[in-house]
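Examining the three-dimensional arrangement
Single-letter residue listing:
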2 protein chains.
Amino acid sequence: MKNKRVNDLSSMPVIIGAAGVAGQTEGKGPLSERFDYVFADDGMGENTWESAEKALCRKAFETATAKSGLAYEDIGIVFGGDLVNQCTPSAFGLKDYGIPFAGLFGACSTFALGLALAAVFVDRKIFRFAAAEASSHFCSAEKQFRMPLEYGGQRPPTAQRTVSGAGACILGQKENGVCVKKVMFGRICDRGVTDATNFGAVMAPAAADTAAVFLQETKTSPTDYGMILTGDLGKVGSELMTQLLLEENKIDISGVQTDCGNIIYDDVCQDVHCGGSGCGCSASVVASHIYRKIADGETDNVLFIGTGALMSPLSSLQGDTVPGIAHAVLIGRKGNCV
Amino acid sequence: MKNKRVNDLSSMPVIIGAAGVAGQTEGKGPLSERFDYVFADDGMGENTWESAEKALCRKAFETATAKSGLAYEDIGIVFGGDLVNQCTPSAFGLKDYGIPFAGLFGACSTFALGLALAAVFVDRKIFRFAAAEASSHFCSAEKQFRMPLEYGGQRPPTAQRTVSGAGACILGQKENGVCVKKVMFGRICDRGVTDATNFGAVMAPAAADTAAVFLQETKTSPTDYGMILTGDLGKVGSELMTQLLLEENKIDISGVQTDCGNIIYDDVCQDVHCGGSGCGCSASVVASHIYRKIADGETDNVLFIGTGALMSPLSSLQGDTVPGIAHAVLIGRKGNCV
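On a predicted model such as this, the values are computed, not experimentally measured, just so you know.

What follows concerns the state of the cysteines. Under the criterion given, the structure shown has zero disulfides over all chains. Not engaged in a disulfide, the cysteine A:C87 finds its nearest cysteine sulfur in B:C87; these two sulfurs lie 5.9 Å apart.

In structure tokens, the structure reads:
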């Protein structure tokens, strides 16, 4: 018996509060005016980079909750995660609200995973309200995964820049609004890539797998969507995903695919090589820019495919491959939300 | 509006396959005969401790799936996690089955969290079958959280030993069997403890909070349960939890409470100080020993409270507290499973 992979959420849980916040560099990029809050400097008034990431997490979660009009105790569960060892920014960032907490690790796919789980929980009436949150910070990630910042290591052209940012969505039952219509949980894809400075190549096969299954099972084509929004394949990964889908599945997503990592920085003025990445990239972009585009009627039915590279610095040192994963969330309008 | 914290799973999803596997030391303990498989040495035939943990993960998952009679493609989703940075043992261990994967981080509470999520997914018909898996390995954890093994660091009397072990449960709809009746997701409790060698003290307040809310909301008393099974508070934490519930909630759990970390090692012959810990402790004990006790009619209605310490070595070095969390899963008999 083969499982149906795409889950219809017939009640279409509505995102009743959404917020994306960003750091200094991201705040100078093209989405500057779209974020709910931009920190003036990347220290966020904290003593460590990890604490700065907690501040990102809190700002996103508190802003989203305030917008939802709920009290913290109304929220049944918050799904949260990040890139740092043992996910401490999320746990420490969310610990004081008294909300039941489920910690996730999905690398850069964490926000899509959390959004999918929160939507399932609201749709199936486990809780009336549920939340998703994810964060990353350029400095905590560099320290964690690559070199100490002070070392000034040179990055290869395929490298993406970890976004300092966070995003949060509060979901609930409501007649109108921006809603989650379908979710699909991804399977791990490993095509043997070992280059941990080329996450685009790692995650593209997973993104292509998820997109192909989603489109085939729902009998839809790419042009049925306002946007196929990956997060975050960057330039290399976006090209590879497009190529893979064309060659292996005869699916053409060119013209429909956009990547959170490709739109968060300015290609000319901000040279970040292959684009943005990190849990906070798609989290901050989806919870601000994309949410608003749908709410404002500029687009609809965004197939958000959150992609993650499931590795650690140690697994790479030990010669392991870098497997990828991609979870899909279909976000669109419900009722007369425009 | 205050949320109901305890979720009734009216269809009572049945654990149709369960397996707990263990390492060499655990295999010499009192539960030796209860595990589904005991590895002859802690290298598990692998080159690194992290790969050894992957082997634990795979053995538990494959054995549980075989017992369930399912093919891998029948399983809609697997919730998995561990203690290692970026949860690589779970991702690498589970990557080749082609099953949609949701990575969790809940420290030692991971198995309870995964079991609760898998049960919710089956109860609410997201998938017909869902799985939970969690692992830990003494050597990968020592290396990750404390000292290199070769250093031979002395452990304080309050320290617990990370279990080399893994557990997996496959859940599905069935008329008879050992089932999940209720779940409750925990909130983070932080009473300011900073001693990362005393996880019992860290997690006891979270365990007490979850137990108190569960008992109060379900209007039940400790003696209504065959067992209040914590995992893993060890000796210090078990005493503290009992004391906290008595002093703050007038609830007496003495005589009813058992801790996975207290029963996995022999107190006299195996001096592991305060007991066992690690995601693999409660995972291996619940999926073998406890599952069998319920299936064999020796006990019923086990209130399993999985406890976790949400910290990293870095957060402790930076002077942060160690917050705790505890998720509850009520496991009991359904129909004539004896």
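On to the packing of helix α2 (residues 49-68) of chain B against helix α5 (residues 138-145) of chain B, then. Residues and elements named next belong to chain B. Relative to each other, α2 and α5 sit at 135 degrees, their axes nearing to 8 Å. Relative to α5, the element α2 is oriented oblique. Relative to α5, the crossing made by α2 is left-handed. Between α2, through W49, E50 and E53, and α5, the contact on the second element is made entirely by C139, S140 and K143. Residues of the contact of α2 with α5, tallied by class, amount to two nonpolar, one polar and three charged.

Residue and element names in this part refer to chain A. Per the domain assignment, the segments making up chain A are domain 1 (11-172) and domain 2 (177-334). If you average the C-alpha positions of domain 1 and of domain 2, the two centres end up 17 Å apart. Each partner contributes to the interface: domain 1 provides 57 residues, whereas domain 2 provides 55 residues. Summed over both partners, the interface of domain 1 with domain 2 comes to about 4400 Å²; 65% of that surface belongs to carbon and sulfur atoms. Considering only the surface of domain 1 that becomes buried against domain 2, R34, C108 and Q160 emerge as the three largest contributors, covering 18% of it. One can count one salt bridge joining domain 1 with domain 2. Residue D36 is joined to R292 by a salt bridge in which the shortest nitrogen-to-oxygen separation is 3.2 Å. Our enumeration of links across domain 1 and domain 2 arrives at 22 residue pairs in polar contact (both at pLDDT 80 or more).

As a further point, take the relation of the copies chain B and chain A. Of the transformation placing chain B onto chain A, the axial shift is 0.0 Å and the rotation is 180 degrees, giving an RMSD of 0.0 Å. Here the transformation between the copies is reduced to the relation of a two-fold axis.

Over its 14 residues, helix α4 (residues 110-123) of chain A runs 20 Å from end to end, which matches the ideal 20 Å to within 8%, given 1.5 Å per residue. Count one or two residues on from α4(A) and you reach A:K125, which has phi positive near 55 degrees.

Looking now at the pairing of strand β14 (residues 324-334) of chain A. Residue and element names in this part refer to chain A. Burial runs high along β14: ten of the eleven residues are buried. Pairing geometry for strand β9 (residues 177-184) and β14, over seven bridges, is antiparallel. Bridge pairing in β14 places V183 opposite V329. When strand β13 (residues 302-309) meets β14, the two strands line up antiparallel, connected through eight bridges. From the neighbouring strand, A309 faces β14, where its bridge partner is G324.

A word on the packing of aromatic side chains. For the structure shown, the criterion picks out 16 aromatic pairs over all chains. Ring centres of A:F79 and A:F121 lie 5.2 Å apart, and the angle between their planes is 80 degrees; this geometry places the pair in the edge-to-face category. Linking A:F79 in strand β4 (residues 77-81) with A:F121 in helix α4, this pair joins segments that are 42 residues apart in sequence. A:F79 gets classed as buried once you look at its relative accessible area, which sits at 0%. Against the face of B:F92 rests B:K54, its NZ or CZ located 4.6 Å from the ring centre.

How each quantity is defined
Residues numbered from 1 in each chain as written. Chains lettered and ligands numbered in written order. Predicted model: local features only at pLDDT ≥ 70, side-chain atom pairs only at ≥ 80, totals over all residues. Heavy atoms only, no water. Disulfide = S-S within 2.5 Å. Axes fitted to C-alpha atoms, helices over the stretch in contact; angles between N-to-C directions. Helix = DSSP H or I, 4+ residues; strand = E, 2+ residues; numbered from the N terminus. Parallel < 35°, antiparallel > 145°, perpendicular 65-115°, else oblique. Left-handed = near helix turned anticlockwise from the far one by under 90°. Contact = heavy atoms within 4.5 Å. Nonpolar A, V, L, I, M, F, W, Y, C, P; charged D, E, K, R; others polar. Domains from an automatic or database assignment. Buried area = accessible area lost by both parts, 1.4 Å probe. Salt bridge = Lys/Arg side-chain N within 4 Å of Asp/Glu carboxyl O. Polar contact = N/O pair within 3.5 Å; in protein donor to acceptor, adjacent residues only side chain to side chain. Least-squares fit on C-alpha atoms with pLDDT ≥ 70 in both. Expected span 1.5 Å × (residues − 1). Buried < 20%, exposed > 50% of the residue type's maximum accessible area, 1.4 Å probe, protein only. Pairing = 2+ DSSP bridges. Phe/Tyr/Trp six-rings, centres within 6.5 Å; stacked < 30°, edge-to-face > 60°. Lys NZ or Arg CZ within 6 Å of the ring centre and 35° of its normal.

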